[in-house]
Amino acid sequence: QATYVLNLAINPSNICNGQCGFCHYHAAEGDADAYVLSENDIICRIGELNPREVHITGGMNRFWPFQKARQLIGRIRTLHSAVYIKAYTAVEIDRFARDETCSPRDILLALKAAGLQSLTGGGAELFSERMRRKYCPSKIGPEEWLAIHRAAHEIGVGSNATMLYGLGESAAEAVDHLLRLREAQDRSAGFSCFIPLAYQPNKAEAHDRGPSPLDNLRIIALSRMILDN
């Protein structure tokens, strides 16, 4: 059986103070391609396209702090009551909690009260410590990522699960990532889906190849076998 949803992906800003080695999306303040959407920009876009679901993630920056992010969720819920709201990664939830000097659970409860129904799955990348040291050493680790998703599931907020692959990880590292997601799902049953994210190479760099078609098939096959829960 196949299903689909009309989803609108919204990135409030591409300005990010992170330095992840696989990201071709982020911009620094002052860059020619840097942008910050206003709340009205986002609300107008939703009204124009009339999606069934919105998917909101953004960079780590000073332009979209927690209170503004919560206000956006509340306004979407008020103006578009039928839209399913899936927003923010565990990395963003952790950042909001640190900025507000409270727990991630407090942030999640406030967002749920505003209208949030699900977290996005981003920020998991690869749970391998070797790969995280190489590509995203400043991001929260796998234990923190899993804990934030578990906290969301405990209060009735669902989430996606993801894995970034194609960066030179070993088969053992990919399998370990999947097994940890499987164990988390056994505990909470809160993940609605698993999304394998193939690394998108930088076309400007000839050596930047990304995963092969066989790599894609291998990861999908492994995922189907391991994540049968």
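In what follows, the structure referred to is the one given above.
Predicted model only: the values in this text are computed from it and were never measured. (Residues numbered from 1 in each chain as written. Predicted model: local features only at pLDDT ≥ 70, side-chain atom pairs only at ≥ 80, totals over all residues. Heavy atoms only, no water.)

(A) Here's a closer look at the packing of helix α2 (residues 66-79) against helix α4 (residues 104-114). Remark: α2 packs on α4, axes separated minimally by 8 Å, with the N-to-C direction vectors making an angle of 25 degrees. With respect to α4, the element α2 is oriented roughly parallel. Residue-level contacts link Phe-66, Arg-70, Ile-73, Gly-74 and Arg-77 of α2 to Ile-107, Ala-110, Leu-111 and Ala-114 of α4. A class-by-class count of the residues in the contact of α2 with α4 yields six nonpolar, one polar and two charged. (Axes fitted to C-alpha atoms, helices over the stretch in contact; angles between N-to-C directions. Helix = DSSP H or I, 4+ residues; strand = E, 2+ residues; numbered from the N terminus. Parallel < 35°, antiparallel > 145°, perpendicular 65-115°, else oblique. Contact = heavy atoms within 4.5 Å. Nonpolar A, V, L, I, M, F, W, Y, C, P; charged D, E, K, R; others polar.)

(B) View of helix α3 (residues 90-100). The buried count for α3 comes to eight of eleven residues, which makes it a mostly enclosed element. Along α3, the positions that sit buried rather than exposed are Ala-90, Val-91, Glu-92, Ile-93, Asp-94, Arg-95, Phe-96 and Ala-97. Elements in contact with the buried residues of α3: α2, α4, β4 (118-119) and α6 (142-154). Thr-101 occupies a position one or two residues after α3 and carries a positive phi of about 50 degrees. (Buried < 20%, exposed > 50% of the residue type's maximum accessible area, 1.4 Å probe, protein only.)

(C) Structural detail: the packing of aromatic side chains. One pass over the structure, following the stated rule, counts four aromatic pairs. Taken together, a centroid distance of 6.2 Å and an interplanar angle of 15 degrees make the contact between Trp-145 and Phe-191 stacked. In this pair, Trp-145 sits in helix α6 while Phe-191 sits in strand β6 (residues 191-198), placing the two residues 46 residues apart along the sequence. Here Phe-191 falls in the buried class, since its relative accessible area comes to 11%. One aromatic cluster is present, formed by Phe-66, Tyr-88 and Phe-96 through successive ring pairs. The ring of Trp-64 has Lys-68 sitting right over it, with the charged end atom 4.4 Å from the ring centre. (Phe/Tyr/Trp six-rings, centres within 6.5 Å; stacked < 30°, edge-to-face > 60°. Lys NZ or Arg CZ within 6 Å of the ring centre and 35° of its normal.)

(D) Spatial organisation of the nonpolar core. Grouped together as the largest cluster of nonpolar side chains are 46 residues, with contacts concentrated most on Ile-56, Ile-73, Tyr-88, Ile-93 and Trp-145. Contact partners of Trp-145, with chain neighbours within four places excluded, come to Ala-90, Gly-121, Gly-122, Gly-123, Ala-124, Phe-127, Ile-140, Asn-160, Ala-161, Leu-181 and Phe-191. If you look at the next biggest cluster of nonpolar residues, it comprises 16 residues, including Cys-20, Leu-126, Leu-167 and Ala-174. (Core = buried A, V, L, I, M, F, W, Y, C linked by side-chain atoms within 4.5 Å.)

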